[in-house]
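Residue-level listing of the chains:
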Amino acid sequence: NFIVRSFPGKKAYAFSASALKSVYTPHAYLHLSYPKIIRCSAIRQSSRASVKIIASLNIAASVGVPEQMGAVTLSDISMGGTSGILKRAIGKKGDEGLMKFKVNTAGEDAYLSIPIVIRSIVETENTDEFRYGFEFVNIPTQSKIILSSFVHQTLAESE
C-alpha cells in the first residue's frame, strides 16, 4: 500500500493506493489501483514561476538583535511570495524585512523593493544552506504591477 501525495500548482492532493504491478524494464514504474477517495486542499494563493534571481535581504532589528543583511538566491516567485536559498541563517520565522531584486519584464529592467515576512526556514541537504519561504506584504502599487507582469510573463514562457 502507498500514500500518494502531489503538489501541482496551487493545490495538494493525497490518496491511498495499492501496487497492482511493478515493472523494471525498460524503466522502473508501478501500476497503482484506482483511489477510492482523493483529498485536495489549497496550499498557495497563486502559481509560482521558476526563477533564478539574486536578491538582497534586510531583516529588521528586533529586541536584542540588530538589523541583519544577506543575499538570497530566489528559486520561485508568485504574487504572494517567494522562496530561496541563503548561505547562512538570518532572522527567524515571523521576522519582517525588505527584499530588493531586479526583474526584466516587457523588455525593461525594473528594481523592486518589497516588504516581506519570513514564513519558513528549512536546513537543506547541504547543511551549509537554508531554504527560506517569504510572504510579500503591503506591496506598493507600482511594484505590484511590475511583479504581476514579471510572474505572468515567466509562467507563459515556461509553458
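Each remark here, short or long, concerns the structure printed above.
Only a predicted model underlies this, so the values are computations on that prediction, with no experimental measurement involved. (Residues numbered from 1 in each chain as written. Predicted model: local features only at pLDDT ≥ 70, side-chain atom pairs only at ≥ 80, totals over all residues. Heavy atoms only, no water.)

(A) Structural view of helix α1 (residues 141-158). In this model, α1 (18 residues) spans 26 Å end to end at C-alpha, consistent with the 26 Å of a helix rising 1.5 Å per residue. The complete set of buried residues in α1 reads Ser143, Ile146, Leu147, Phe150, Val151 and Thr154. Here the buried residues of α1 occupy an arc of 130 degrees about the axis, which is enough to place them on one side. In this structure, α1 carries Thr141, Gln142, Ile145 and Ala156 as exposed residues pointing more than 90 degrees from its buried face. (Helix = DSSP H or I, 4+ residues; strand = E, 2+ residues; numbered from the N terminus. Expected span 1.5 Å × (residues − 1). Buried < 20%, exposed > 50% of the residue type's maximum accessible area, 1.4 Å probe, protein only. Arc of directions from axis to C-beta.)

(B) The arrangement of the pattern of salt bridges in detail. Overall, the coordinates contain four salt bridges when judged by the stated rule. Note that Glu129 is salt-bridged to Lys87, the shortest N-O span being 2.9 Å. One end of the pair, Glu129, is in the loop between β10 (108-123) and β11 (130-136); the other, Lys87, is in the loop between β8 (81-86) and β9 (96-105), with 42 residues separating them in the sequence. Taking the relative accessible area as the measure of exposure, Lys87 reaches 62% and is therefore exposed. Here Asp109 ties to Lys102 by a salt bridge, and the two come within 3.8 Å at their closest N and O atoms. (Salt bridge = Lys/Arg side-chain N within 4 Å of Asp/Glu carboxyl O.)

(C) Here's a closer look at unusual backbone geometry. Thr25 connects to Pro26 through a cis peptide bond whose omega is 0 degrees. With respect to the secondary-structure elements, Pro26 resides in the loop between β3 (19-23) and β4 (29-32). Here Asn138, not a glycine, exhibits a phi torsion of approximately 45 degrees, which is positive. Mapped onto the elements of the fold, Asn138 is located in the loop between β11 and α1. Residue Asn138 is classed as exposed on the basis of its relative accessible area, which comes to 71%.

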